[in-house]
Each structure stands twice: as structure tokens, then as C-alpha cells.
Amino acid sequence: MSKVPETVALEQLDKDQMKTFSDFLMSYNKLSEMCFTDCVRDFTSRDVKDTEEKCSLNCMEKYLKMNQRVSQRFQEFQMIANENALAMAQKTSKM
């Protein structure tokens, strides 16, 4: 008994969503660990010190900006690579 194409598409969508969510959690955990390690110094109090809070916010902001910039550059690179592949395919098909 074969699966209906809509069912297969939904299963793939679920897998893609789970992968996206998993990637998000990995990134979030990495960010949390990195900023915690870099910024939290005092464990003698339950309160978060102003310097720790400011450091954590700066750390998070820098990480997110860097991540956004890397993603943007990757997209630009992919567009150029796709354009080059298309041009090569068109050039090859004309021969």
C-alpha cells in the first residue's frame, strides 16, 4: 500500500520543521552557554549583577548580528553560485 502524495509531503514538512526547530535550539543553547560562560562571574548571590546583565545583552546582540551577517553572506554566495551554474548549463546546452 503506497502513501498518498499529500501524506508524504506533510511528513516531509514535519521533518523539515523539526530540523529547523532542532537547529534553532542548538543555536540558542550555544548562545546561552557562550554568553553565560563569558559574562557570569559571581555565584555568591542569587541576583544578577548589572555588569553581568549588560555583558549578556551585548554578547547576545553581537552573536545574533554575526549570525545574521554570516547567513546573509551565505545567501549571496549561493545566489552567485546558482547564477554561475545556470550560465554554465545554458552555455553547455547551446553547444
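Residues numbered from 1 in each chain as written. Predicted model: local features only at pLDDT ≥ 70, side-chain atom pairs only at ≥ 80, totals over all residues. Heavy atoms only, no water.

1. Focus on the overall build of the protein
The helix and strand inventory of the protein stands at two helices and zero strands. Against the compact-globule benchmark of 12 Å for 95 residues, the protein has a radius of gyration of 22 Å, which places it well outside the compact range. By principal-axis analysis of the C-alpha atoms, the protein measures approximately 70 × 45 × 15 Å. For the protein, the proportion of its 95 residues judged to be buried stands at 7%. In the protein, the 14 positive side-chain charges and the 15 negative ones have mean positions that sit 8 Å from each other. (Helix = DSSP H or I, 4+ residues; strand = E, 2+ residues; numbered from the N terminus. Rg over C-alpha atoms; globule rule 2.2 N^0.38 Å. Buried < 20%, exposed > 50% of the residue type's maximum accessible area, 1.4 Å probe, protein only. Lys, Arg positive; Asp, Glu negative; His and termini not counted. Charge placed at Lys NZ, Arg CZ, Asp CG, Glu CD.)

2. Quick look at the UniProt feature "domain: Tim10-like" (unreviewed entry) in the protein
As recorded in UniProt, the feature "domain: Tim10-like" (unreviewed entry) lies at residues 17-76. Between the end C-alpha atoms of residues 17-76 there is a gap of 24 Å, over a span that is 83% helix and 0% strand. (UniProt positions renumbered as here; feature names shortened; annotations may be inferred.)

3. Let's talk about the state of the cysteines
By definition, a disulfide is the covalent link that joins the sulfur atoms of two cysteine residues. Here the structure, examined in full by the defined rule, presents two disulfides. Note on cysteine connectivity: Cys35 is disulfide-linked to Cys59, with sulfurs 2.0 Å apart. Measuring the twist about the S-S bond at about -85°, one finds the Cys35-Cys59 disulfide to be left-handed. Of this pair, Cys35 sits in helix 1 (residues 5-39) while Cys59 sits in helix 2 (residues 50-94); the two residues are 24 residues apart in sequence, bridging distant segments of the chain. For the pair Cys35 and Cys59, one class covers both residues: buried. Bridging Cys39 to Cys55, the disulfide has an S-S length of 2.1 Å. In this structure the cystine formed by Cys39 and Cys55 twists about its S-S bond by roughly -65°; its chirality is therefore left-handed. Taken together, the residues Cys39 in helix 1 and Cys55 in helix 2 connect sequence positions 16 residues apart. (Disulfide = S-S within 2.5 Å.)

4. Comments concerning the packing of aromatic side chains
In the structure shown here, the tally under the stated rule is three aromatic pairs. Each ring, one from Phe24 and one from Tyr28, has its centre 6.2 Å from the other, and the planes form 25°; the classification is stacked. Pair noted here: Phe24 and Tyr28 are both in helix 1, with a separation of four residues, about one helical turn. Seen from their ring centres, Phe36 and Phe43 are 6.1 Å apart, and the 50° between their planes marks the pair as tilted. Feature note: the residues Phe21, Phe24 and Tyr28 constitute an aromatic cluster, connected by ring pairs. (Phe/Tyr/Trp six-rings, centres within 6.5 Å; stacked < 30°, edge-to-face > 60°.)

5. Some points on the nonpolar core
In this structure, Leu31, Cys35, Cys39, Cys59 and Tyr63 together form the largest nonpolar core, which totals five residues. Only helix 1 and helix 2 provide two or more residues apiece to this core. It is helix 1 that contributes the most residues to this core, three residues altogether. (Core = buried A, V, L, I, M, F, W, Y, C linked by side-chain atoms within 4.5 Å.)

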